[in-house]
Amino acid sequence: MDLYQLRIVRELSELGSLSAVAARLSVTTSAVSQQLRALQDEMGEKLVAKSGRTLVLNEAGRVLAAAAVHVLASMSDAELAVQRHFSDGRGEVTVAALHSAALAIFPKLLGRMDAESGPRVICSDTDVTVDTFARLVADVDLVIAHRLPWGNPWPASIAVTPLVFEPLDVAMHVGHRLAGATEVQPADLANEEWISVQESFPLASALHALGAAAGATLRVRHRLNEFPIVVSLVAAGQGVALLPRYMGNPDAHPGVVLKPLAGIEIGRQIDILSRPEVLRKASVATVIAAIRDVLRVPASERVPGAGQVGY
């Protein structure tokens, strides 16, 4: 049985005729009769009996009608509870982010939510391969993830809220031979020793793209996923590295400078991933708006129409 059939039984108990039920439900009398027959066949019991020229509920039908009142009331309560859940702008929202985004976003986001008595945000960081980010939405409301533009798109089953395209610059020691240049050519970097991330992580293929532009296979000496460690090694003169322009935290050490690449644009796309239904929550919409606001980058490098388009 379904809720529509239960409603028919309830209406019949109150109105006393199939034609009156059909009028209330804005359907034909034959449609009401068909639903009643289907319900009786499923239950294996007669629910109606003839009274003169009309059909009325028998004793079994009246018992079901009384039960239908409670079922329909419970469903109404459930619908109202869901509506309140989605309209509650102060609910709890869980957010996971890759390490560099967590460092750039979480402190300001939490401070803003506290100051505005906004949603209670629960944060976690994550260090995963690019194909794992999408799976995290099963357990977390919002996942701040990154991917390279030429990589596989996010699965079509998840919602994607684009945040920003972040260029990757070359991080080098302040005493490096190219530190005084306005920008650097890929060919100028062909013989450098590099510090890169682990091969299975998104930014690894960025170095491959740079090597292709330089016409050489770049030599990777160290593989480290934590940008603060990368910055410390660059500052110690242990190699050069590709670092995100805004979230790579190069300012943490005065011995490091960032130089943009000439003739090639290499960068990563930062997105918020979620299940589509999560975006219906008012609390989630509040947190997304706050993330956009605290992630301050030049307007020219923000994603046009962020939040309205995907891949």
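One can find the structure itself at the top, above this paragraph.
The structure reproduced in this document is the subject of the present report.

The rules behind each value
- Residue indices begin from 1 for each chain and proceed along its sequence in written order.
- Side-chain atom pairs in this predicted model are given and counted only at pLDDT of 80 or more, local residue features only at pLDDT of at least 70, and totals for whole chains, interfaces and linings cover all residues.
- The side-chain figures draw on all heavy atoms in the structure; neither hydrogens nor water molecules are used.
- For the purposes of this section, nonpolar cores are sets of buried Ala, Val, Leu, Ile, Met, Phe, Trp, Tyr and Cys residues that join through side-chain atoms within 4.5 Å.
- Accessibility here uses a 1.4 Å probe with only protein chains present; expressed as a share of the type maximum, an area under 20% marks a residue as buried, one over 50% as exposed, and anything in between as partly exposed.
- Strands here mean DSSP runs of E at least two residues long; helices mean DSSP runs of H or I at least four residues long; both are numbered from the N terminus.
- Should any heavy atoms of two residues lie within 4.5 Å, those residues are counted as being in contact.
- Each Phe, Tyr or Trp ring (for Trp, its six-membered ring) is paired with any other whose centre lies within 6.5 Å, and the angle between the two planes then decides the class: stacked below 30 degrees, edge-to-face above 60, tilted in between.
- Salt bridges, as used here, are contacts in which a Lys or Arg side-chain nitrogen is within 4 Å of a carboxyl oxygen on Asp or Glu.
- Comment: axis = line fitted to C-alpha atoms, over the contacting stretch for helices; angle = value between 0 and 180 degrees taken between N-to-C directions.
- Geometric relationships in this document are graded by angle, where less than 35 degrees denotes roughly parallel, more than 145 denotes roughly antiparallel, 65 to 115 denotes roughly perpendicular, and other angles denote oblique.
- By definition, any crossing whose near helix is turned counterclockwise from its far helix by less than a right angle is left-handed, and any crossing with a clockwise turn is right-handed.
- As a working rule, the residues Ala, Val, Leu, Ile, Met, Phe, Trp, Tyr, Cys and Pro are called nonpolar, Asp, Glu, Lys and Arg charged, and the rest polar, with Gly in that last group.
- Cavity and pocket criteria rest on a 1 Å grid covering protein atoms alone: a 1.4 Å probe that fits but cannot get out defines a cavity, protein on both sides within 12 Å along at least 5 of 7 lines defines an open pocket, and an atom within 4 Å of a point defines a lining residue.
- Grid points are joined across faces, edges and corners, and a volume is the space filled by probe spheres set on the points.
- Expected helix span is computed as 1.5 Å times (number of residues minus one).
- Pairs of N or O atoms are called polar contacts if they sit within 3.5 Å, as long as, within protein, a hydrogen donor faces a hydrogen acceptor (for residues adjacent in sequence, only side-chain-to-side-chain pairs).
- Arc, as used here, means the arc of the directions from the helix axis to the C-beta atoms.
- Each pair of strands is called paired provided DSSP finds at least two bridges between the two strands.

Once that is clear, we can look at the nonpolar core. Formed by 38 residues in total, the largest nonpolar core has its most connected members in Ile105, Leu142, Ile144, Leu273, Val287 and Ile291. Contributing elements (two or more residues each) for this core: β3 (92-98), α5 (99-115), β5 (142-147), β6 (159-173), β11 (267-274) and α8 (282-294). Other than its neighbours up to four places away in sequence, valine 287 contacts Val93, Val95, Leu109, Met113, Pro119, Val121 and Leu142. Judged by nonpolar contacts, the second largest core, of 31 residues, contains Leu207, Val234, Val256 and Leu261.

Turning our eyes to something else, we now look at the packing of aromatic side chains. For the structure shown, the criterion picks out one aromatic pair. Judged by centre distance (6.3 Å) and plane angle (90°), the ring pair of phenylalanine 133 and tryptophan 154 falls under edge-to-face. Placement of the pair is phenylalanine 133 in the loop between β4 (120-126) and β5 and tryptophan 154 in the loop between β5 and β6, with a sequence separation of 21 residues. Per residue, the accessibility class of phenylalanine 133 equals that of tryptophan 154, and both read buried.

Located in the positive-phi region is serine 26, a residue other than glycine, with phi close to 60°. By secondary structure assignment, the location of serine 26 is in the loop between α2 (18-25) and α3 (29-43).

The full count for this structure, using the stated rule, is twelve salt bridges. The closest approach of N and O atoms between arginine 7 and glutamate 11, which form a salt bridge, is 3.5 Å. Here the residue arginine 7 and the residue glutamate 11 both occupy positions in helix α1 (residues 3-15), the gap between them amounting to four residues, near one helical turn. Overall, glutamate 11 belongs to the buried group, its relative accessible area being 8%. When the shortest N-O distance is used, the salt bridge between glutamate 92 and arginine 120 registers 2.9 Å. Of this pair, glutamate 92 sits in strand β3 while arginine 120 is found in strand β4, placing the two residues 28 residues apart along the sequence. A residue is classified by how much of its surface remains accessible, and arginine 120, at 53% relative accessible area, is exposed. Within the structure, one salt-bridge network assembled from shared partners comprises Arg7, Glu11 and Arg24.

Direction vectors running N to C along α1 and α2 enclose 125°, while the axes themselves pass 9 Å from each other. As summarised for this structure, α1 and α2 are arranged oblique, according to the angle between their axes. The two elements α1 and α2 cross, and the hand of that crossing is right-handed. Counting all contacts with α1, which are made through Tyr4, Arg7, Ile8, Glu11, Leu12, Glu14 and Leu15, the residues of α2 involved are Leu18, Ala20, Val21, Arg24 and Leu25. Its residues assigned to classes, the contact of α1 with α2 comprises eight nonpolar, no polar and four charged.

What follows concerns empty space enclosed by the protein. Within the structure shown, the criterion is met by one cavity of 30 Å³ or more. Volume-wise, the largest cavity comes out at about 90 Å³. Looking at the largest cavity, the residues that line it are Ile195, Ser196, Val197, Leu203, Leu207, Leu224, Phe227, Val230, Ala241 and Leu242. Those elements that provide at least two residues to the lining of the largest cavity are β7 (193-196), α7 (227-235) and β9 (240-244).

The contact between α1 and α3 brings their axes to 10 Å, and the two run at 110°. Classed by the angle they form, the pair α1 and α3 counts as roughly perpendicular. Facing α1, whose interface residues are Tyr4, Gln5, Ile8, Val9 and Leu12, α3 presents Val32, Gln35, Leu36, Ala38, Leu39 and Glu42. The class makeup of the residues in the contact of α1 with α3 is eight nonpolar, two polar and one charged.

This part takes up α1. Here α1 contains 13 residues, and its C-alpha end-to-end distance of 18 Å stays within 8% of the 18 Å for a straight helix at 1.5 Å per residue. Among the residues making up α1, those that are buried are Gln5, Leu6, Ile8, Val9, Glu11 and Leu12. Looking at where α1 begins, the residue whose side-chain oxygen comes 3.1 Å from the main-chain nitrogen of tyrosine 4 is aspartate 2. Just past α1, the residue glycine 16 takes up positive phi, approximately 85°.

All right, on to α2 then. Within the sequence span of α2, burial applies to Leu18, Val21, Ala22 and Leu25. Each buried residue of α2 sits inside an arc of 100° when the element is viewed along its axis, so together they form one side. Where α2 is buried, its residues touch α1, α3 and β2 (54-57).

Sheet topology places strand β1 (residues 48-51) next to β2; four bridges connect them, and they run antiparallel. Across the sheet, the residue bridging to alanine 49 is valine 56, located in β2. Between the antiparallel neighbours β1 and β2 lie two residues, among them glycine 52 with a positive phi of about 70°.

Interpretation note: all reported values are geometric properties and have no functional meaning in isolation.
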